[in-house]
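Understanding the architecture of this molecule
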There are 6 protein chains.
Amino acid sequence: MALVPLIEYDEAPPDVRAVYDDIRATRKVDWINNFWKALANDPATLTRVWSQVKQVMAPGALDPLTKEMIYVAVSVTNNCEYCIHSHTAAAHTKGMTPQMFHELLAVVALANETNRLSNGYRVDVDSRFRSPFAG
Amino acid sequence: MALVPLIEYDEAPPDVRAVYDDIRATRKVDWINNFWKALANDPATLTRVWSQVKQVMAPGALDPLTKEMIYVAVSVTNNCEYCIHSHTAAAHTKGMTPQMFHELLAVVALANETNRLSNGYRVDVDSRFRSPFAG
Amino acid sequence: MALVPLIEYDEAPPDVRAVYDDIRATRKVDWINNFWKALANDPATLTRVWSQVKQVMAPGALDPLTKEMIYVAVSVTNNCEYCIHSHTAAAHTKGMTPQMFHELLAVVALANETNRLSNGYRVDVDSRFRSPFAG
Amino acid sequence: MALVPLIEYDEAPPDVRAVYDDIRATRKVDWINNFWKALANDPATLTRVWSQVKQVMAPGALDPLTKEMIYVAVSVTNNCEYCIHSHTAAAHTKGMTPQMFHELLAVVALANETNRLSNGYRVDVDSRFRSPFAG
Amino acid sequence: MALVPLIEYDEAPPDVRAVYDDIRATRKVDWINNFWKALANDPATLTRVWSQVKQVMAPGALDPLTKEMIYVAVSVTNNCEYCIHSHTAAAHTKGMTPQMFHELLAVVALANETNRLSNGYRVDVDSRFRSPFAG
Amino acid sequence: MALVPLIEYDEAPPDVRAVYDDIRATRKVDWINNFWKALANDPATLTRVWSQVKQVMAPGALDPLTKEMIYVAVSVTNNCEYCIHSHTAAAHTKGMTPQMFHELLAVVALANETNRLSNGYRVDVDSRFRSPFAG
């Protein structure tokens, strides 16, 4: 159970309503999910986090579906229950099929495995790998 | 410095050489990176992990570049230095541009942020999010 | 559901009762929370952990409220449900207001975000930052 | 070694220079640390992250020193080397004494310990702890 | 609630049934736990993961009980609820007594504590510790 | 480089020397490793942590080698470089062979993998697994 009340639209102050309206318009949905209703207890955080999500998750060099799958990968690694549910649903809406979801989880699991083999053996970074973008 | 010696091809037993040959053929490269040279101290692990990487990272419902970026996302979340270097280099080889890398990191960072907001407020999962693939 | 029975005062052996009495006296409360009732299955652990908590969380160079908020910060980062609930409640008792809680979570979330940007870009530590306490 | 070049002021485009100027003015320092020089490879991220840091770390219901110590607590839990160095230095500048640093680390370590005892025994949340801020 | 349906034996395709049969024969049990029923939605993952578990958890230089306790140690550190329950039950079946379980959790908790003291103080690795197996 | 000076025996106050003497006597070694030299900056922490390590790592229902391997498992999962080196060396001293080390890392890696498959599919805990020690 949430540590704070979930703020519904009808009881929200104007600055919160403005964010809710923008979430619905941007996402073309008619409801607000609980994450935002919890953040609305602190309008400054709500406004700041929504602004960031809106900017970062917009189409860019990566498409929105790829971004959602990366979000799921992080959330699964951290075991954030809410985030796994919300971003899996979002990725599904954007076109992630069951087979894509299975492969996503397979890669996440494999990476978590080999991360620990690298950690445990203390493998030195190959000089060939350093800094592909270092200019 | 690695906790085990790095096994070079010339000093490797036949089962290790067979894996090294398959890595080079599959990846179309002429060298073996340190991760495998460390694992080669335990040929059973080397064989098992390579077999798994080969299967999981092959093209499927997700393309190889998307899979590499998911690998980077997990490695950055876990802060595995070796893995960040090796999989960023691999993603670069497969076509990840600097701008794609920046956006990848931006999503990873954002997800780590909102994971903690969800954790901290103990936000309840919306019933609408449950089980898009539950059949 | 806990993996071990929760040991109530009336059924506890003398060494466990002594710790329970000390917890109630130190905290000026009339009940024992489930964490200690679970640890009581292993009196050595109960005694050792309580002794440590009592020493570390006592007023010192940091005041008890600051210490509780640091405890919440760690528990949110690790997503320990029990610990988030118990230490948020403790911080609330010691004077944490809703606004302080919101700002605490905002800092925790931000730190988790920028930790991954530092990880991902493999930023070198500035020489000016090294060892402010190195003597 | 950083995966991207560190962008110095003299070679930076105007939007990056504007952020650098604001960092120096806000913090009353005459230099820019490597974190921002790495982020400057993606001006959108630089601008967004700095704006967030500036807002979240400003004085509010929590004072800036407490916020820095919370930042250190998260960074130590996640083992982000860069972040531990930079935020310990920042907390030192804001008044953290060696004894405060020792107590901070002692609480962080203790919390990481008891988080796992709670996890491992699967301790149920006491009903008395639920939702001090739930309204 | 699982994100995918749990596949029962009677509705499973032949390749899934073959894995289920092997799990039951190898473990000498007459039922299949939910983990495998979830993985069965992707037969390739089911087959690959079971093959790996079967090989890694078999008796070797370490006995099966020690391996299960290591599994519990990782799962508690990561706070994987399902894994804590399933591997604690498995370790119990293989002979882990309550006192062994208490000591296991005490070590896991202590290690999580001292990991953060090492992280936080940025302790340099003693040259005497390097590479006991480095050949 | 450590954030605090490493305190050598000759410059240590009497309470620190007493702990150093006890470490050497208990472990039958003639030197003190850097972890304790860093903690010695805060004698209260040094005394408390050593007391805890001495109690938890002593022979009990689990033998000292098993305890050291559990310590390594946690340290690899958390990627604590210092701790991986120090506890691998300690386990080696207590009899861990290279093959045992390889199998230890293989289990740690596998557990980190399947933890994420359980997380990602949100697998429900089987009722048969609940509470083997619940009394």
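Here the structure is shown first, and the text comes after it.
What this report covers is the structure whose coordinates are included nearby. (Residues numbered from 1 in each chain as written. Chains lettered and ligands numbered in written order. Predicted model: local features only at pLDDT ≥ 70, side-chain atom pairs only at ≥ 80, totals over all residues. Heavy atoms only, no water.)

1. With respect to the relation of the copies chain B and chain F
With an RMSD of 0.0 Å, the fit of chain B onto chain F corresponds to turning through 120° and sliding 0.0 Å along the axis. These values place the two chain copies in the arrangement generated by a three-fold rotation axis. (Least-squares fit on C-alpha atoms with pLDDT ≥ 70 in both.)

2. Quick look at the interface of chain B and chain F
Taken together, the contact pairs 11 residues of chain B with 10 residues of chain F. Taken together, both faces of the contact between chain B and chain F bury some 690 Å²; the carbon and sulfur share is 52%. Looking at the side of chain B facing chain F, the largest losses of area belong to Leu3, Asp42 and Gln52 of chain B, adding up to 54% of the total buried there. On the surface where chain B and chain F come into contact, there are 0 salt bridges. Here chain B and chain F share 3 residue pairs in polar contact (both at pLDDT 80 or more) between them. It is helix H3 (residues 43-56) of chain B that provides the largest number of residues to the side of chain B that touches chain F, a total of 3 residues. (Contact = heavy atoms within 4.5 Å. Buried area = accessible area lost by both parts, 1.4 Å probe. Salt bridge = Lys/Arg side-chain N within 4 Å of Asp/Glu carboxyl O. Polar contact = N/O pair within 3.5 Å; in protein donor to acceptor, adjacent residues only side chain to side chain. Helix = DSSP H or I, 4+ residues; strand = E, 2+ residues; numbered from the N terminus.)

3. Comments concerning the relation of the copies chain F and chain E
The two copies are related by a screw motion: chain F maps onto chain E through a turn of 180° and a shift of 0.0 Å along the axis, at an RMSD of 0.0 Å. With respect to symmetry, the two chain copies, as superposed, fit the operation of a two-fold axis.

4. Describing the packing of aromatic side chains
Evaluated as defined, the whole model comprises 42 aromatic pairs over all chains. Judged by centre distance (5.8 Å) and plane angle (85°), the ring pair of Tyr121 of chain A and Phe101 of chain F falls under edge-to-face. Here Tyr121 of chain A is found in helix H6 (residues 98-121), whereas its partner Phe101 of chain F is found in helix H6 (residues 98-121) on a different chain. Grouped by ring-pair contacts, the aromatic residues Trp31, Phe35, Trp36, Trp50 and Tyr82 of chain A together with Phe129 of chain B constitute a single cluster. Above the ring of Trp31 of chain A, the side-chain terminus of Arg128 of chain B is found at 4.3 Å from the ring centroid. The lysine or arginine in question, Arg24 of chain D, covers the ring of Tyr9 of chain D, its NZ or CZ lying 4.8 Å from the ring centre. (Phe/Tyr/Trp six-rings, centres within 6.5 Å; stacked < 30°, edge-to-face > 60°. Lys NZ or Arg CZ within 6 Å of the ring centre and 35° of its normal.)

5. What to know about the pattern of salt bridges
Side-chain pairs of opposite charge can arise where the charged atoms are in close proximity. All names here are of chain C. Tallying each qualifying case throughout the model produces 36 salt bridges over all chains. Note that Lys37 is salt-bridged to Glu8, the shortest N-O span being 3.2 Å. Of this pair, Lys37 sits in helix H2 (residues 34-39) while Glu8 is found in the segment before helix H1 (14-27), placing the two residues 29 residues apart along the sequence. When its relative accessible area of 13% is taken as the criterion, Lys37 is described as buried. Judged by its relative accessible area of 36%, Glu8 falls in the partly exposed class. (Buried < 20%, exposed > 50% of the residue type's maximum accessible area, 1.4 Å probe, protein only.)

6. Digging into the packing of helix H4 (residues 64-78) of chain E against helix H5 (residues 81-93) of chain E
Residues and elements named next belong to chain E. H5 packs onto H4 with a crossing angle of 160° between their chain directions and a minimal axis gap of 9 Å. With respect to each other, H4 and H5 are oriented roughly antiparallel. The handedness of the crossing between H4 and H5 comes out as left-handed. Across the interface between the two elements, Leu65, Glu68, Tyr71, Val72, Ser75 and Val76 of H4 pack against Cys83, Ile84, His87, Thr88, Ala90 and Ala91 of H5. (Axes fitted to C-alpha atoms, helices over the stretch in contact; angles between N-to-C directions. Parallel < 35°, antiparallel > 145°, perpendicular 65-115°, else oblique. Left-handed = near helix turned anticlockwise from the far one by under 90°.)

7. Here we look at unusual backbone geometry
The phi angle at Asn79 of chain E is positive, at roughly 60°, despite the residue not being glycine. For Asn79 of chain E, the location among the structural elements is in the loop between H4 and H5. Classification of Asn79 of chain E by relative accessible area gives buried; the value is 11%. A positive phi angle, close to 50°, is found at Arg122 of chain F, a residue other than glycine. Following the sequence through the fold, Arg122 of chain F ends up in the segment after H6. Given a relative accessible area of 15%, Arg122 of chain F falls into the buried group.

8. Let's talk about the state of the cysteines
Residue and element names in this part refer to chain B. The full count for this structure, using the stated rule, is 6 disulfides over all chains. Residue Cys80 pairs covalently with Cys83 via a disulfide, S to S 2.2 Å. Taking the torsion about the sulfur-sulfur bond, which here is approximately 45°, the covalent link between Cys80 and Cys83 counts as right-handed. Like Cys83, Cys80 is buried. (Disulfide = S-S within 2.5 Å.)

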